[in-house]
Amino acid sequence: MTALKGVKVVEFANYVAGPYTGALLSDLGAEVIKVEVPPHGDPYRGWASGNYSSMFCSLNRSKRSILADLKSERGLEVARSLVADADILVENSRPGAMERLGLGYEQVKGDNPGLIYCSITGFGLSGPDHQRPGYDTVGQATSGLMSLLTDLDNPQPMGISLSDHLAGLFAAYGVLAALAARSRTGEGQRVDTSLLQASTTFLAENMARFLRDGGQPPTRYTRVRTAQVYAVRDESGAPFVVHLSSPDKFWRSLLQAIDRSELVDDERFTNRGQRIVHREDIQAFLDETFATGSRAMWLKRLWAADVPAAPLNTLADVVEDDQIRHLGLVQEVEHPTAGRMQLLGSGVNLQGTPTRLEPAPIAGEDTDSILAELGFPQDYLPPPGRAMTRR
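Here the structure is a predicted model, which is why all the values come from computation and not from measurement.

Cut-off values and rules
- In this convention, every chain numbers its residues from 1, walking through the sequence in written order.
- Restriction of local features to residues with pLDDT of at least 70 applies here, the model being predicted, together with a cutoff of 80 or more for giving and counting side-chain atom pairs; totals for whole chains, interfaces and linings are based on all residues.
- As a convention, hydrogens and water are excluded, and side-chain values are obtained from all of the structure's heavy atoms.
- Stacked, tilted and edge-to-face pairs are distinguished by plane angle, under 30 degrees for stacked and over 60 for edge-to-face with tilted covering the rest, among Phe, Tyr and Trp rings (Trp via its six-membered ring) whose centres lie within 6.5 Å.
- Only DSSP runs of H or I covering at least 4 residues are called helices, and only runs of E covering at least 2 are called strands; the numbering of each starts at the N terminus.
- Note on exposure labels: buried denotes an accessible area under 20% of the residue type's maximum, exposed denotes more than 50%, and partly exposed covers the range between, all computed with a 1.4 Å probe on protein chains only.
- Whether a charge sits over a ring depends on NZ of Lys or CZ of Arg being within 6 Å of the ring centre and within 35 degrees of the ring normal.
- Pairing between strands is defined by DSSP: at least two bridges between them are needed.
- Lines fitted to C-alpha atoms define the axes, with helix axes restricted to the stretch in contact, and inter-axis angles between N-to-C directions lie between 0 and 180 degrees.
- Any two residues whose heavy atoms approach within 4.5 Å at even a single point are treated as in contact.

Asks: Describe the packing of aromatic side chains, naming the residues involved and giving the relevant values.
Replies: All told, the structure shown has eleven aromatic pairs when counted by the stated rule. Arranged with centres 5.9 Å apart and planes meeting at 85°, the rings of Tyr15 and Trp47 form a pair that is edge-to-face. Taken as a pair, Tyr15 in the loop between strand S1 (8–12) and helix H1 (17–27) and Trp47 in the loop between strand S2 (31–36) and helix H2 (54–59) lie far apart in primary sequence, 32 residues in all. A relative accessible area of 29% means that Tyr15 is categorised as partly exposed. The exposure class of Trp47 is exposed, given its relative accessible area of 53%. Put simply, the rings of Tyr15, Tyr44 and Trp47 pair up and form one aromatic cluster. Across the ring face of Tyr221, the terminal group of Arg220 is positioned such that the distance to the ring centre comes to 5.0 Å. Positioned above the aromatic ring of Phe285 is the side chain of Arg260, whose terminal nitrogen or guanidinium carbon lies 5.3 Å from the ring centre.

Have a look at this one:
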């Protein structure tokens, strides 16, 4: 028994943010039906090669797929039938796009008053920027998130779609709250978030500090300094990190681990405030010290002294990590025709209602079975590539 067993989700979403919401719900056991545009479906399917890319599979695990042209009469009829029987709808179109199709919230809630209708946009449903195109990097930059991740004197885009994933995560959070509310009231509601809203609210700690203190906005170096975080390299250049945080014991343990206990009484480092001021001096002697031995040796000594430290792992290192293996985070799934693939499992553990992980569907894999469940004949929608009657 999964936590969301019996909950039906209809997903009208492509690429990352909306599909990630659907994936999180499917992990919890919801039946997620992904409505895709024929003939190839979600463009993310072909992001790398073929029409079953690993990126697509990571975001569309455990779902079912139906191909339906929403601009055709029959395609819209099938879509509305799906929505009429759904608990949750997830979409990530620009504001107004679903309305033009005839699938806007006000257009469908009359047939399903209990529907939870979730919209993910770039900038929100209204306001001066709501019609601007919003992709992940735009969300990161506009929200201020990127200013805390990159060096503003040498700005570089990020290697992960953080805003997309944050929006998907907040959307799932909102949907679950609406589902809980519906269990008390019997009424559905609209849930919405955006790349801008999700990414900005994620910065609550930094923003609160800025709003209180004013002055210069924080940068990526602000927290690095105040949290006493250091990135260093060993004799071969292998990187690792040390995070001392606030407790004074970690500073003392660090000095013990690297045989520099004489610095305990150095007036530059007598308390956290002084160490923040003299951060560059600390970085200099750490760089010099750690360059005299191997990362494995230094980490062994740091861990023995209970210092918070870790190797700066690549993903190749992560999949070989003993703790990652113990947690079972890398799992293998097998699709009947697409074959085997390794994916990451859920980020949470539920003892009584465990999460699940199944392969992503091929495009339109479940079209016939879904049509049958809705009471339509198998040939009600044409095969991919054949034109439908347009509205």
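Still to come is the rest of the account.
Asks: Explain the sheet that holds strand S4 (residues 88–91) residue by residue, including any values.
Replies: With parallel pairing, the six strands of this open sheet are ordered in space as S3-S2-S1-S4-S5-S6. Looking at the sheet topology across the chains shown, the edges are occupied by strand S3 (64–67) and strand S6 (189–194). If you compare each strand with its neighbour and ignore which way they point, the axes differ by 20° on average. Across four bridges, the pairing between S1 and S2 is parallel. Residue pairing in the sheet places Val10 in a bridge with Ile33 of S2. Helix H3 (residues 73–84) contacts S1, S2, S3 and S4 of the sheet and is inclined by roughly 145° relative to S1. Relative to the sheet, helix H7 (residues 162–185) contacts S4, strand S5 (116–121) and S6, its axis offset from that of S6 by approximately 165°.

Take it as geometry only, folks, not as evidence of what the structure does.
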